[in-house]
Structures are given as structure tokens and as C-alpha cells.
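# Architecture and fold: a report
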Amino acid sequence: MSEGPLNETELQWLEETLITYGKDDGSILDVAELDGMLTAVLSGPIVVEPDRWLVAIWGGEKNIPRWKNDREMNRFIDLCFRHMNDIAERLSDYPDQFEPMFGFNEVDGESYTVVEEWCFGYVRGMSLTDWSSLPQAYKPDLDAITLHGKEENFDRLDTLTKEEFDASIEAIRPAALRLYAYWSANPQQPVVQQPQINGAKPGRNDPCPCGSGKKFKSCCLH
């Protein structure tokens, strides 16, 4: 593999930066959610340009940080690209080494896997493109991720047994790999905005097309 994963120090710095500059009204606030978003960006039907997903990390242009200096900004962008490249290489060339960056909580000495942040990030990455043409056969894979990635599904999660809940977590990784494989084999063409072509320009003495009743030369010509 070319660059390999970020080390613990780099991941910690990323997380601290997300927390420092993130806003509660839409920013990504931890590396698990960032990992999920970047996975979806890489797995979607069309290529998402960096200027879009970098802004999406902060929840929109209004939330873009006021960096202390260019060095801090460049380090953040560089680490995001390196992490994204690592995810891309695993998805494409080493799928057996792809692992979503889930979190873990320890309660009474027992460790629990936390997948919500990653899945919420994945759903956010999906929102940057149009997945509506995904075939019905792949909807169960999408559902495996959105089950933990949308608040509207939390009531359903509460009804699952421990075995069902554990199985729902196990389903996320293979689902993400299958979704990546489908869109990789079936990329979509981005929608190109066609330029508007106006009709023939009215003559100076023709009625103005704005409907004022005046001649064009006395109205909208200038």
C-alpha cells in the first residue's frame, strides 16, 4: 500500500481539530464520522470534487474555520487527503483490509462497538450525490447502514434483541464493500447544466419583451 493509514498521533490531531472548529449545527465532530463520510464519497455514483466534500465536513461555507495560520489549514487538508487515499486503496485493491472506523465504549468492564457516528457520516457523504438509481437489489445494503445512520430508525433499533443488534453491526462492513463495488462498476455521468439559449434579440423599434408596451430601445435595451 502506498502511504498506509494515519498513525494515532495524526488521527488524534484530526479529531481535536474537528472538535475545536466544528459547530453543533452540522459539522463533523470526530474521525469516525469523517471516515464514514469519506467512504461514502468514494463509493458513490459520481466523483465528488474536494471543494465540495471539504466544505461538507464543516456543514457549509458559513462554518469554514478561521484557521490560526496556513500551516494548520494545510495540515488538516493533507491528513484528510491521506486518510481518504488510504480508504480508497483498501476499498479498491485490499477489500479484506477495509475496516470502518467504528468507536468503542466500555461499560462495567465490557466493550461495546459504537457505529452511529460512522453511519451518520456515511449518510452525509451520500447526500453529496444522487443515489436514487441504486438497484433495488442493493437497497438491503443501504438499509444496513442507514439503520444506524438516521435518527428516524432509532426506535427500530430499540426493538432489536442483542443478537439482532450485533448482527446489524456485522452487516455494515460487507454492505459498504458491495455498495462501493456496484458504483465502481456502474459509474453515473454527472448532470451537465445546459446553457440557456435566448430567442432572437428584438429590434430597437420592436415591442419590449418585458411586456411594458414600450419600444425595446426605450425600455430594456440599455
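Residues numbered from 1 in each chain as written. Predicted model: local features only at pLDDT ≥ 70, side-chain atom pairs only at ≥ 80, totals over all residues. Heavy atoms only, no water.

Within an unreviewed UniProt entry, the label attached to the chain reads YecA family protein, and the organism entered is Phytobacter massiliensis.

### As for the overall build of the chain
To keep things clear, this is the line we draw: We count a stretch as a helix when DSSP gives it H or I for four or more residues in a row; a strand needs E for two or more, and each element gets its number in order from the N terminus. Burial classes: relative accessible area under 20% of the type maximum marks a residue as buried, over 50% as exposed, and values in between as partly exposed (1.4 Å probe, protein chains only). Note on definitions: a residue-residue contact is assigned when non-hydrogen atoms from the two residues lie within 4.5 Å. Method for areas: the Shrake-Rupley scheme with a 1.4 Å probe, in which residue coverage is limited to the protein chains shown.
Check the secondary structure of the chain and you find nine helices and two strands. What you see in the chain, going N to C, is helices and strands ordered as α-α-α-α-β-β-α-α-α-α-α. Among the 222 residues that make up the chain, the fraction classed as buried is 40%. Taking the intrachain contacts of the chain between residues at least 6 apart in sequence as the baseline, contacts between residues at least 24 apart amount to 65%. Accessible area for the chain stands at about 13500 Å²; split by element, carbon and sulfur atoms hold 48% of it.

### Quick notes on helix α2 (residues 31-43)
Just so we agree on the cut-off: Every helix has an expected span of 1.5 Å times one less than the residues it contains. Here a polar contact is recorded for every N or O atom pair within 3.5 Å, except that within protein the pair must consist of a potential hydrogen donor and a potential acceptor, and residues adjacent in sequence are included only if both atoms are side-chain atoms.
End to end, α2 covers 18 Å across 13 residues, agreeing with the expected 18 Å (1.5 Å per residue, within 8%). A large share of α2 lies buried, amounting to twelve of its 13 residues. Here α2 starts with a cap whose side-chain oxygen sits 3.2 Å from the backbone nitrogen of Ala 32, and that cap is Asp 30.

### Comments concerning the nonpolar core
Condition: Only buried residues count toward a nonpolar core, which is a set of Ala, Val, Leu, Ile, Met, Phe, Trp, Tyr and Cys residues joined through side-chain atoms within 4.5 Å.
Counting 46 residues, the largest nonpolar core has Trp 53, Ile 57, Phe 76 and Trp 118 as the members making the most contacts within it. Listing elements by their share of this core, those giving two or more residues are α1 (8-21), α2, α3 (50-57), α4 (70-93), α5 (116-126), α6 (139-149) and α9 (172-185). Per-element tally for this core: the top contributor is α9, with seven residues. When sequence neighbours within four positions are dropped, the list of residues in contact with Phe 76 reads Trp 13, Leu 14, Thr 17, Leu 18, Ile 57, Trp 58 and Trp 67.

### What to know about α4
An α-helical turn contains 3.6 residues, so any two residues separated by three or four positions project in the same direction. Across its 24 residues, α4 extends 34 Å between first and last C-alpha, which sits within 8% of the 34 Å expected from 1.5 Å per residue. When we look at burial in α4, the residues that qualify are Glu 72, Phe 76, Leu 79, Cys 80, Arg 82, His 83, Met 84, Asp 86, Ile 87, Glu 89, Arg 90 and Leu 91. Looking at the packing, one finds that the buried side of α4 touches α1, α2, α3 and α9. By the N-cap criterion, in which a side-chain oxygen at the helix start approaches the backbone nitrogen of a residue two or three places on, α4 is capped by Asn 69, the distance to Arg 71 being 3.2 Å.

### Some points on the packing of aromatic side chains
Basically, it comes down to this: A pair of aromatic rings is counted whenever rings of Phe, Tyr or Trp (Trp by its six-membered ring) have centres within 6.5 Å, and the orientation is called stacked for planes under 30 degrees apart, edge-to-face for over 60 and tilted otherwise. Working rule: Lys NZ or Arg CZ, within 6 Å of ring centre, within 35 degrees of ring normal, means a charge sits over the ring.
Per the counting criterion, the structure on display carries twelve aromatic pairs. Feature note: the residues Phe 102, Trp 118, Tyr 122, Trp 131, Tyr 138, Tyr 182 and Trp 183 constitute an aromatic cluster, connected by ring pairs. Its guanidinium or amino end placed over the ring of Trp 13, Arg 75 lies 4.5 Å from that ring's centre, counting from NZ or CZ.

### Description of the confidence of the model for the chain
To keep it simple, the criterion reads: On a range of 0 to 100, pLDDT expresses the predictor's confidence in each residue.
Overall, the prediction assigns the chain a mean pLDDT of 88, with 84% of residues at 70 or greater. Long-range and interchain partners of residues 193-199, a stretch whose pLDDT sits below 50, account for zero contacts in this model, where long-range means more than four residues apart.

### Here's the deal with the pairing of strand β2 (residues 110-114)
As a reminder, the rule being used: Only when DSSP finds a minimum of two bridges between them are two strands counted as paired.
Bridge analysis of strand β1 (residues 103-107) against β2 gives five bridges, and the strand direction is antiparallel. Bridge pairing in β2 places Phe 104 opposite Thr 113. Following β1, the chain reverses through two residues before pairing antiparallel with β2; Asp 108 in that reversal takes a positive phi of roughly 55°.

### Considering the environment of Leu 134
Along the chain, Leu 134 falls in the loop between α5 and α6. A residue is classified by how much of its surface remains accessible, and Leu 134, at 4% relative accessible area, is buried. Once residues lying within four places of it in the same chain are set aside, the contact partners of Leu 134 are Lys 139, Leu 142, Leu 179, Tyr 182 and Trp 183.

### Here's the deal with the pattern of salt bridges
Rule in force here: The rule for a salt bridge is simple: a side-chain nitrogen of Lys or Arg has to be within 4 Å of a carboxyl oxygen of Asp or Glu.
Using the criterion set out here, one finds six salt bridges in the structure. A salt bridge links Glu 33 to Arg 124; the shortest N-O distance between them is 4.0 Å. Residue Glu 33 is located in helix α2, and its partner Arg 124 is located in helix α5; the two are separated by 91 residues in the primary sequence. Look at Glu 33 and you get buried, because its relative accessible area is 12%.

### Focus: the environment of Ala 40
Note that Ala 40 resides in helix α2. Since its relative accessible area comes to 1%, Ala 40 is described here as buried. For Ala 40 and Thr 129, which are 89 residues apart along the polypeptide, the C-alpha to C-alpha distance reads 9.6 Å. With sequence-adjacent residues up to four places away left out, Ala 40 is seen in contact with Tyr 122, Gly 125, Met 126 and Trp 131.

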